[in-house]
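A structural walkthrough
Listed here are the chains, written in short residue letters.
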Amino acid sequence: MKEILALLRPRLLSFRNGGAAQNAGNRRIRYLLFALVGAGFWAGAFAIFFRVLIYFQGVEEFGDILARKLLSMVLVTFFTLLIFSSIIISLSKLYLSRDLILVHSLPVSGGKIFLARWLESAVDSSWMVIVFSLPVFLSYGIVYHAGPFFYLTAGLSLLSLCLIAAALSALTVVIAAVLLPAGRIRTVMVFLGAILIMALIMSFRLLRPERLVNPESFSTLVTYLRAMETPGSPLLPTTWAVDSLNAALSGLTGEALFHLSLSWSCAATLAYIAVWTAAGIYFRGYSKAQTSAARPLALRGGYGGGRRRLFRGLSGPAWAFAAKEARVFFRDQTQWPQLFLIGALIVIYLYNFSVLPLGNSPLRTIHLQNLFSFLNMGLAAFVLTAIAARFVYPAVSCEGDAFWIVRAAPISLRTFLWVKFAVYYLPLLVMAEILIVASNVLLQVTPFMMALSVVTVFLMVPGVVAMGVGFGAAYPDFRSENPAQSVTSFGGMMFMLLAAGFIAMVIVLEAGPVYQVFMADFRGRSLSGLQWAWLVGSFALVVLLCVLAVILPMRFGERRLRGC
């Protein structure tokens, strides 16, 4: 036990030292920012679930069935996320961390090293799910007037699910590491995980779950109730958790304790099997992980022809950096599944517009379509921001320990950042315009709304990309084993918040003039001189805001990066 505590001690001390390394002002700002973001998410999640549960209680006969089905769906989603994150984190902690060479040189057995690393990965993969699932259980407890026993049951059930997911993931990774090098395992797991998430999202959306609250869509009420009351498999851990929570809500203490016992006995058994298996084969898999994995489909040869023409305006060194950026992106196999996932999300995004019941609205369809189109500009921009946070913000951090090459290269840091901007700007612009044009075609909007949407998105994309590059340069993390995780840092949160504020300001500036245009068309009148001045002034402010959103973050990132 002392050896395990000694192995965990550096991780515990890192939290204290990480806070002490910052000055008091920065530490307070970061804590305040994360507290505000967390409180906002908590409040939003609680309000949504509370409102839905109140609505379900108003549905006679089967409102409670709907609430319990919703709880089952939530727990299945949590458990799926736990499995996926546990596999990735376990693989990194057990085989790919940089400090493993030092750890394995210590006079400690491989089984104890595995146990310490498994505990770390279990905490890292579970804490966020636990924290952000609390509003869900709080809403159930308040709506159903549950006592302290329900909250205790919810905590124990969720903790057992986390341990089961961590044990299953670690056992899978340890066995797979003996068969494949760890580098290939990560690629395979990320790819399969992306396919699983794509399948879940697409199947869930294509089922159109909004029909669950409309019993008339079923042929008979009996069929509807029978479909809703179908229990889950008794062999799934999520079924034990759901049954224990339902029993606690109903005041059945004995039944709740029985299902809790099933869940915890499964967690303890899987943990024992994982530790026992790792004691025999973990070090063998770690030795195999030291071999470098081959890179199939790695790009070969130089960039010529069309690629050279694509970067025609760049100088030789700048063109070399642009070519390197594109080559590294396509050589990184972990990027491919995320591209597929983005494609699936785009398909679902457009599918949502194709099934909107606009014909059933009492408003004139043309005005409702244009209203959705105007709101869709902000929604498409927020989707763009999420993608930029994954690919653009970590672009500077991805240089890693080789950043000294950038400083020694015959190009300035300003040129280096603008090369990053140019590489990501065109693909994101094309994707955003495809989203906005395709959704507007599905909505059959007016030519004015189509032109407004295309131009507004064209102006917003450079600002979002520049913010991603600028804040990524201002708060780089060259030591991170996975630069994509840098988006959860202080700089990443600042980028997301400021990008969201930028998009909201653009939408607010355009909302008033666009409303006047719609009302003038609705009443069959022309715009007055004052309204034209308001229209021109608002769009001039939008253009100015978009220009500042490009220039200021890039200068800020360049100034901060010079001090690295």
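The preceding data block contains the structure.
The present account deals with the structure reproduced in this document. (Residues numbered from 1 in each chain as written. Predicted model: local features only at pLDDT ≥ 70, side-chain atom pairs only at ≥ 80, totals over all residues. Heavy atoms only, no water.)

1. Digging into the overall build of the chain
As a reminder, the rule being used: Secondary structure elements follow DSSP: runs of H or I no shorter than four residues count as helices, runs of E no shorter than two count as strands, and numbering proceeds from the N terminus. Buried residues are those whose accessible area, probed at 1.4 Å on protein chains only, stays under 20% of the maximum for their type, while exposed residues exceed 50% and partly exposed ones sit between those limits. Only the protein chains shown count as cover for residues, and the accessible areas themselves come from Shrake-Rupley with a 1.4 Å probe.
A tally of helices and strands in the chain yields 19 helices and zero strands. Out of the 564 residues belonging to the chain, those deemed buried represent 44%. Per element, the accessible surface of the chain, about 29000 Å² overall, is 70% carbon and sulfur.

2. Quick notes on the nonpolar core
Across soluble globular proteins, nonpolar side chains show a tendency to be buried alongside one another. To keep things clear, this is the line we draw: What makes a nonpolar core is a set of buried Ala, Val, Leu, Ile, Met, Phe, Trp, Tyr and Cys residues whose side-chain atoms join them at distances within 4.5 Å. Whether two residues touch is decided by their heavy atoms; if any such pair falls within 4.5 Å, the residues are in contact.
Formed by 67 residues in total, the largest nonpolar core has its most connected members in Phe416, Leu417, Val461, Val465, Phe495, Phe502 and Leu561. Of all the secondary structure elements, the ones that give two or more residues to this core are α12 (316-331), α14 (365-391), α15 (403-408), α16 (413-443), α17 (447-474), α18 (490-523) and α19 (529-562). Counting residues per element, this core draws most heavily on α16, at 15 residues. Excluding residues within four positions of it along the chain, Phe416 makes contact with Phe321, Val396, Glu399, Phe403, Val406, Ile411 and Leu561.

3. A closer look at the packing of α16 against α19
Applied cut-off: Whenever a helix is involved, its axis is fitted only over the stretch in contact; in every case the axis is a line through C-alpha atoms, and angles between N-to-C directions fall within 0 to 180 degrees. Every angle not falling under 35 degrees, over 145, or within 65 to 115 is termed oblique; those three ranges are roughly parallel, roughly antiparallel and roughly perpendicular. For any pair of crossing helices, the crossing counts as left-handed if the nearer helix is rotated counterclockwise from the farther one by less than a right angle, and right-handed if it is rotated clockwise.
At a closest axis distance of 10 Å, the pairing of α16 and α19 adopts a crossing angle of 130 degrees. Classed by the angle they form, the pair α16 and α19 counts as oblique. In this structure, α16 crosses over α19, and the sense of that crossing is right-handed. The residues of α19 that touch α16, namely those facing Leu413, Arg414, Phe416, Leu417, Trp418 and Phe421, are Val550, Met554, Gly557, Glu558, Leu561 and Arg562.

4. Here's the deal with the packing of aromatic side chains
Operational definition: Only Phe, Tyr and Trp rings take part, Trp by its six-membered ring, and two of them pair if their centres are within 6.5 Å. Stacked means planes under 30 degrees apart, edge-to-face means over 60, and tilted covers everything else.
Tallied over the entire structure, the rule returns nine aromatic pairs. Judged by centre distance (6.0 Å) and plane angle (55 degrees), the rings of Phe114 and Tyr282 are tilted. Within this pair, whereas Phe114 is found in helix α5 (residues 110-143), its partner Tyr282 is found in helix α10 (residues 253-289), the two being separated by 168 residues in sequence. Overall, the relative accessible area of 0% leaves Phe114 in the buried class. Plain terms: the ring middles of Phe471 and Phe556 are 5.8 Å apart, the flat faces sit at 55 degrees to each other, and that makes the pair tilted. Separated by 85 residues along the polypeptide, Phe471 in helix α17 and Phe556 in helix α19 bring together distant segments of the chain. Three or more aromatic residues joined by ring pairs make a cluster, and in this case those are Trp418, Phe421 and Tyr425.

5. Quick word on the environment of Ala165
Relative to the elements of secondary structure, Ala165 occurs in helix α6 (residues 148-179). Overall, Ala165 belongs to the buried group, its relative accessible area being 0%. Sequence separation between Ala165 and Pro237 is 72 residues, and the spatial gap between their C-alpha atoms is 9.4 Å. Not counting residues within four places of it along the chain, the set of residues in contact with Ala165 comprises Phe79, Leu82, Ile83 and Ser86.

6. Here we look at the side chain of Asp124
Under the convention used in this document: For this analysis, a polar contact is any N or O atom pair within 3.5 Å, provided that within protein one partner can donate a hydrogen and the other can accept it, and provided that sequence-adjacent residues contribute only side-chain to side-chain pairs.
Its location among the elements puts Asp124 in helix α5. Side-chain polar atoms of Asp124 contact the side chain of Lys93, separated by 3.3 Å. What Asp124 contacts, discounting residues up to four positions off in sequence, is Arg11, Ile89 and Lys93.

7. Concerning the side chain of Thr238
Mapped onto the fold, Thr238 is located in helix α9 (residues 237-249). Taking the relative accessible area as the measure of exposure, Thr238 reaches 8% and is therefore buried. Every residue in contact with Thr238, bar those within four places of it in the chain, is listed here: Leu75, Val76, Phe79 and Leu161.

8. Quick notes on the pattern of salt bridges
The following threshold applies: Salt bridges are defined as contacts in which a side-chain nitrogen from Lys or Arg sits within 4 Å of a carboxyl oxygen from Asp or Glu.
A complete count under the given rule lists four salt bridges for this structure. With a closest N to O distance of 3.1 Å, Glu558 and Arg414 form a salt bridge. Of this pair, Glu558 sits in helix α19 while Arg414 sits in helix α16, and the two are 144 residues apart along the sequence. Take Glu558: its relative accessible area is 8%, and that puts it in the buried class.

9. Looking at the environment of Ala402
Here Ala402 lies in the loop between α14 and α15. Residue Ala402 is classed as partly exposed on the basis of its relative accessible area of 31%.

10. Quick word on the packing of α5 against α6
Axis separation between α5 and α6 bottoms out at 8 Å; the angle between their running directions is 145 degrees. Considering how the two elements wind past one another, α5 and α6 form a crossing that is right-handed. Together, Phe114, Trp118, Ala122, Ser126, Ile130, Ser133, Phe137, Leu138, Tyr140, Gly141 and Ile142 of α5 and Phe150, Tyr151, Ala154, Leu158, Cys162, Leu163, Ala166, Ala167, Ala170 and Val174 of α6 make up the contact between the two elements.

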